[in-house]
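# Structure assessment
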Amino acid sequence: GAVVSQHPSWVICKSGTSVKIECRSLDFQATTMFWYRQFPKQSLMLMATSNEGSKATYEQGVEKDKFLINHASLTLSTLTVTSAHPEDSSFYICSAPTGALAEAFFGQGTRLTVV
Amino acid sequence: AQSVTQLDSQVPVFEEAPVELRCNYSSSVSVYLFWYVQYPNQGLQLLLKYLSGSTLVKGINGFEAEFNKSQTSFHLRKPSVHISDTAEYFCAVSYDYKLSFGAGTTVTVRA
């Protein structure tokens, strides 16, 4: 089946630094990928839609200058959390639709802790 | 806009007992419906989905769900749970591949 790989699975960084998270579709091409954020004990919230070759579309309330998204190829989207602060600590998950029957596959998620 | 309400935040259940997780949704357009399971510090795994056709959907690990259009519900059931079913369960609706999730239901299976 379709596989989406996310890296790293966890990262700890100092406040003020930037962190890049990668999302790859391993056996299919994804012109669109989605980035979600999940705070502890809460549900997943869509942050942005990553579009290959064009600008990402951000959901209301998500700072585009803080969460930089790049979708440079049909198999890779990256999310960079810039100038990270402790309140950015969260579980970030990407997904990619396969095009088949509306199903989207999820990456393993990245646990970001900002200290 | 679409929204999902999971009516139970926590469901404790004994091993080999049945379980039902309730999900209601609202949408002004036709949507697809999904149930996902999440184990601690992991991503989401698809349990089952409703796209069209038969309203009773069977998924992995013995789970099934029934789509009820009149009641806008998509409840998840399993006739006999195992310890390994302890996890967080999310109901979701999809429109244009974007997913809106419910708040989640924590299922704790006890021996």
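To be clear, the structure that these remarks concern was listed above.
## Description of the overall build of chain B
When helices and strands are tallied, chain B shows zero helices and 12 strands. When the helices and strands of chain B are read in sequence order from the N terminus, they spell out β-β-β-β-β-β-β-β-β-β-β-β. Dimensions along the principal axes, computed over C-alpha positions, put chain B at roughly 45 × 30 × 20 Å. Taken across its 111 residues, chain B has 42% of its residues classed as buried. Sequence-distant contacts, at least 24 apart, represent 55% of the contacts inside chain B between residues at least 6 apart.

## Here we look at the interface of chain B and chain A
Residue-level contacts link 20 residues of chain B with 21 residues of chain A. Both faces considered, chain B and chain A share a buried interface measuring about 1600 Å² in area, 60% of it formed by carbon and sulfur atoms. Area buried by chain B at its contact with chain A is led by Tyr97(B), Lys98(B) and Phe101(B), which between them contribute 35% of it. Our count for the chain B to chain A interface comes out at one salt bridge. For the pair chain B and chain A, the number of links is four residue pairs in polar contact (both at pLDDT 80 or more). Among the elements of the structure, strand E5 (32-38), strand E6 (44-50), strand E10 (87-95) and strand E11 (98-101) of chain B are those that each provide at least two residues to the side of chain B that touches chain A. Per element, the largest residue contribution to the side of chain B that touches chain A is four residues, and it comes from E5(B). Split by residue class, the side of chain B that touches chain A holds 11 nonpolar, six polar and three charged.

## Let's talk about the packing of aromatic side chains
If you walk through the whole model with that rule in mind, you get 11 aromatic pairs over all chains. Pairing Phe67(A) with Tyr92(A) gives two aromatic rings, centres 6.3 Å apart and planes at 45°, and the pair type is tilted. Here Phe67(A), found in strand E7 (residues 67-73), pairs with Tyr92(A), found in strand E9 (residues 90-97); they are 25 residues apart in sequence, far enough to count as distant. Looking at Tyr92(A), the relative accessible area reads 0%, which means it is buried. Taken together, the ring pairs connect Tyr36(A), Phe106(A), Phe34(B), Tyr36(B), Phe90(B) and Phe101(B) into an aromatic cluster.

## A short note on the sheet that holds E7(A)
All names here are of chain A. Strand order in the open sheet formed by four strands is E1-E3-E8-E7, and the pairing between neighbours is antiparallel. The sheet terminates laterally at strand E1 (4-7) and E7, the two strands that pair on one side only. Within the sheet, the average angular offset between the axes of one strand and its neighbour, ignoring direction, is 15°. The sheet contact formed by strand E3 (residues 19-25) and strand E8 (residues 76-81) spans six bridges and is antiparallel. Within E8, the position partnered with Lys 20 by the bridge is Thr 80.

## A closer look at the side chain of Gln6(B)
Residue and element names in this part refer to chain B. Here Gln 6 shows up in strand E1 (residues 3-6). For Gln 6, a relative accessible area of 10% puts it in the buried group. Setting aside chain neighbours within four positions, we find Gln 6 in contact with Arg 22, Trp 35, Tyr 89, Phe 90, Cys 91, Gly 102, Ala 103, Gly 104 and Thr 105.

What counts and how
- Residues numbered from 1 in each chain as written.
- Chains lettered and ligands numbered in written order.
- Predicted model: local features only at pLDDT ≥ 70, side-chain atom pairs only at ≥ 80, totals over all residues.
- Heavy atoms only, no water.
- Helix = DSSP H or I, 4+ residues; strand = E, 2+ residues; numbered from the N terminus.
- Buried < 20%, exposed > 50% of the residue type's maximum accessible area, 1.4 Å probe, protein only.
- Contact = heavy atoms within 4.5 Å.
- Buried area = accessible area lost by both parts, 1.4 Å probe.
- Salt bridge = Lys/Arg side-chain N within 4 Å of Asp/Glu carboxyl O.
- Polar contact = N/O pair within 3.5 Å; in protein donor to acceptor, adjacent residues only side chain to side chain.
- Nonpolar A, V, L, I, M, F, W, Y, C, P; charged D, E, K, R; others polar.
- Phe/Tyr/Trp six-rings, centres within 6.5 Å; stacked < 30°, edge-to-face > 60°.
- Pairing = 2+ DSSP bridges.
- Axes fitted to C-alpha atoms, helices over the stretch in contact; angles between N-to-C directions.

Such coordinate-based values are descriptive only and should not be taken to indicate function.
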